[in-house]
Amino acid sequence: MEIKFQTKEESNREQREAFLRLEPKDRFYHFLDLCENLKNLPLKTPRKAPSDNFIIEIKTHDKNLEGEH
């Protein structure tokens, strides 16, 4: 394994040049591989309320609570 120390710009340029050296059909296959691997990346999910919260429900049972008799 080779370790290289380079800037982000140098790394991006090297990757771009290597990609452009590929034949068009191989670029397409690499693109499909990238799409397939994207599903393995973690996603930021919205926070959900814990399911064990105490919930107060006020039910009126269709009765008027204003005091009508």
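Here the structure is a predicted model, which is why all the values come from computation and not from measurement.

Criteria and cut-off values
Residues numbered from 1 in each chain as written. Predicted model: local features only at pLDDT ≥ 70, side-chain atom pairs only at ≥ 80, totals over all residues. Heavy atoms only, no water. Salt bridge = Lys/Arg side-chain N within 4 Å of Asp/Glu carboxyl O. Helix = DSSP H or I, 4+ residues; strand = E, 2+ residues; numbered from the N terminus. Buried < 20%, exposed > 50% of the residue type's maximum accessible area, 1.4 Å probe, protein only. Phe/Tyr/Trp six-rings, centres within 6.5 Å; stacked < 30°, edge-to-face > 60°.

(A) Structural context of the pattern of salt bridges. In this structure the tally under the stated criterion is two salt bridges. Glu14 serves as the salt-bridge partner of Lys4, at 3.0 Å between the closest nitrogen and oxygen. Taken together, the residues Lys4 in the segment before helix 1 (8-20) and Glu14 in helix 1 connect sequence positions ten residues apart. The exposure class of Lys4 is partly exposed, given its relative accessible area of 47%. Residues Lys39 and Glu36 are paired through a salt bridge, measuring 2.9 Å at the closest nitrogen-oxygen approach. Residue Glu36 is classed as partly exposed on the basis of its relative accessible area of 44%.

(B) Here's a closer look at the packing of aromatic side chains. One pass over the full model with this rule turns up one aromatic pair. Between Phe28 and Tyr29, the aromatic rings sit 6.1 Å apart at their centres with planes inclined by 55°, giving tilted as the arrangement. Since its relative accessible area comes to 49%, Tyr29 is described here as partly exposed.

Nothing here speaks to function; it is all geometry.
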